[in-house]
Amino acid sequence: MDNNNVNIPNNNPQIPNNQPVDGAVVNQPQEVIQPVEPPVVNGPVVAPPSVGNNNLNFNEEDGKILVPIGLEPVQPINPQPINTQPVEEVKKEVVEPTPTVAPPTQDDGILENTKMQKVEIEYTPPSGFKKFVMVFMFAALLGSIIFMPEINKYLEKLKESKTPKVDEEQIMNGTLSCSFQTNNDTFDLIYSGIFNFSNRELTSLTYTLTTKGDRVLDSTSLQLLYDSCKSLSTDLEDKSYGVKVSCDLSGGTVRVDESIDYSEFKEDEASKLFKQYDIELADFEAKQNIGDIEKELKSSNYICFTESKSS
């Protein structure tokens, strides 16, 4: 032990502390420095840039250790608690993206107008020749529908002209039989006639008008026609007009037969009487040329044929 450094307790209050007494140093009570407990760090601690004893300074006045800046205790960083609970699997719903339609813009309108203008510019109206052809075809179709009966007559005449004709001039005496069928709003009508001729001149005629209707629905009209025919027939029995009438009603059909002898026929008187009973009278004349009669009837769509009769 070094004798020069013996600490002698100072019991004399008059002697100040730290003053040598006969070469000896009086022991001065010193403040005990409490050790600084290191902070408890729960997380990672970042060390200051420089740690060492040379950076600690002791303040002699108050007996405290001065800690330089940068060596302060680092506050612990509280880590986030770890969730140890099992994580439920979340089902992700797949949502299909909704297609978005871009709203029309001004450019679209301009483009549409441009297309319309382009169509209008490129349109070429039909030429005059095409219009003429279309109008002509339409008129021809319409005319063929309207004039169909006349066209049929012309075709029949054309066919007859190409068919070899029998020399009818050789049939001087005989009969010409013709018939024609038609209808009106109520009845079916059949006209037929047997023309007797001699030397190609009409001598007598049996003319028949057949009226067919519904037996039930048209019974009243048919009965009126039959009654008129019977009245006419009775009235003609007392007159010598050269014409006789017979009537028949059967199954919805009324048949009126007119027998005319042209050697005794009085056309004017007979015509008035027939009109009185609303019965049609055959319109032919005595000694009329049988060839002319046939031609006239065929032009009205009658079907005719001629038979020879021995004299």
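Residues numbered from 1 in each chain as written. Predicted model: local features only at pLDDT ≥ 70, side-chain atom pairs only at ≥ 80, totals over all residues. Heavy atoms only, no water.

On a plain count of helices and strands, the protein comes out with six helices and 11 strands. Sequence-distant contacts in the protein: of pairs separated by 6 or more residues, those separated by 24 or more amount to 52%. On the protein, roughly 25,200 Å² of surface is accessible, and the fraction owed to carbon and sulfur atoms is 54%. (Helix = DSSP H or I, 4+ residues; strand = E, 2+ residues; numbered from the N terminus. Contact = heavy atoms within 4.5 Å. Areas by Shrake-Rupley, 256 points an atom, 1.4 Å probe, with all protein chains shown as cover.)

Attention now goes to the packing of aromatic side chains. Evaluated as defined, the whole model comprises six aromatic pairs. Here Phe132 and Phe136 contribute two aromatic rings whose centre-to-centre distance is 6.4 Å and whose plane-to-plane angle is 20 degrees, an arrangement assigned as stacked. Remark: Phe136 and Phe132 occur in helix H2 (residues 128-146); sequence separation between them is four residues, near one turn of the helix. We note that Phe132, like Phe136, is exposed. (Phe/Tyr/Trp six-rings, centres within 6.5 Å; stacked < 30°, edge-to-face > 60°. Buried < 20%, exposed > 50% of the residue type's maximum accessible area, 1.4 Å probe, protein only.)

The next point concerns the pattern of salt bridges. Under the definition given, this model contains three salt bridges. The closest approach of N and O atoms between Lys239 and Asp235, which form a salt bridge, is 2.6 Å. Look at Lys239 and you get partly exposed, because its relative accessible area is 27%. In this structure, the salt-bridge partner of Glu294 is Lys298, at a minimum N-O distance of 3.0 Å. Of this pair, Glu294 and Lys298 both sit in helix H6 (residues 290-299), four residues apart, which is roughly one turn of that helix. (Salt bridge = Lys/Arg side-chain N within 4 Å of Asp/Glu carboxyl O.)

Residues Phe138, Leu141, Leu142, Ile145, Ile146, Phe147, Met148, Ile151, Tyr154, Leu155 and Leu158 make up a contiguous nonpolar surface patch of roughly 1,100 Å² in combined accessible area. For the nonpolar patch, the elements supplying multiple residues, two or more each, are H2 and helix H3 (148-162). Along the polypeptide, Leu142 turns up in helix H2. The class for Leu142 is partly exposed, based on a relative accessible area of 42%. (Patch = residues over 30% accessible without salt bridge, like charges linked within 9 Å, V, L, I, M, F, W, Y side chains within 5 Å.)

Further remarks concern the sheet that holds strand S11 (residues 303-308). Spatially, the six strands line up as an open sheet ordered S9-S10-S8-S7-S6-S11, and their pairing is antiparallel. Where the open sheet ends on each side, the last strands, each with one partner, are strand S9 (243-250) and S11. Ignoring which end each strand starts from, the neighbouring axes of this sheet average 15 degrees apart. Taken together, the 11 bridges between strand S7 (residues 188-198) and strand S8 (residues 201-212) define a ladder with antiparallel strand orientation. Residue pairing across strands places Gly193 opposite Tyr207, the latter belonging to S8. (Pairing = 2+ DSSP bridges. Axes fitted to C-alpha atoms, helices over the stretch in contact; angles between N-to-C directions.)

A word on H6. The set of residues buried in H6 consists of Ile290, Ile293, Glu294 and Leu297. The buried residues of H6 occupy an angular sector of 95 degrees when the element is viewed end-on, so they sit on one face. For H6, the elements touching its buried residues are strand S6 (174-183), S7, S8 and S11. Structurally, the start of H6 carries an N-cap: the backbone nitrogen of Gly291 is 2.8 Å from a side-chain oxygen of Asn289. (Arc of directions from axis to C-beta. Polar contact = N/O pair within 3.5 Å; in protein donor to acceptor, adjacent residues only side chain to side chain.)

One finds Phe195 and Phe284 to be the most contacted residues of the largest nonpolar core, which totals 38 residues. Sorting the residues of this core by element identifies S6, S7, S8, helix H4 (219-237), S9, strand S10 (253-261), helix H5 (267-276) and H6 as the ones contributing at least two each. Contact partners of Phe195, with chain neighbours within four places excluded, come to Gly174, Thr175, Leu176, Leu202, Ser204, Leu205, Phe284, Ile290, Ile293 and Leu297. (Core = buried A, V, L, I, M, F, W, Y, C linked by side-chain atoms within 4.5 Å.)

Here the focus is the side chain of Thr175. In this structure, Thr175 sits in strand S6. Non-local contacts of Thr175, meaning those with residues more than four positions away in its chain, are made with Ile194, Phe195, Asn196, Phe197, Phe305, Thr306 and Glu307.

Let us now look at the environment of Ile293. By the element assignment, Ile293 lies in helix H6. Under the relative-accessibility criterion, Ile293 is labelled buried at 0%. Residues Ile293 and Glu201, spaced 92 residues apart in sequence, show a C-alpha to C-alpha distance of 9.9 Å. Here Ile293 is in contact with Leu176, Phe195, Leu202, Phe284 and Gln288, once residues within four sequence places are set aside.

On to the state of the cysteines, then. Applying the stated rule across the entire model yields two disulfides. Here the protein pairs its bonded cysteines, counted in sequence order, in the arrangement 1-4, 2-3. (Disulfide = S-S within 2.5 Å.)

Glancing now at the pairing of S7. In regular strands, side chains alternate between the two faces of the sheet. Bridge count between S6 and S7: 10 bridges; the pairing is antiparallel. Bridging from a neighbouring strand, Phe180 pairs with Tyr191 of S7. The turn linking S6 back onto S7 is made up of four residues. Linking S7 back to S8 in an antiparallel pair, the connection comprises two residues, with Asn199 at a positive phi of about 55 degrees.

Here the focus is the confidence of the model for the protein. Summarising the model, the protein shows a mean pLDDT of 74, and 56% of its residues fall at 70 or more. Confidence drops under a pLDDT of 50 for residues 21-27, and excluding neighbours within four residues, the segment shows 16 contacts in the predicted structure. (pLDDT = per-residue confidence, 0-100.)

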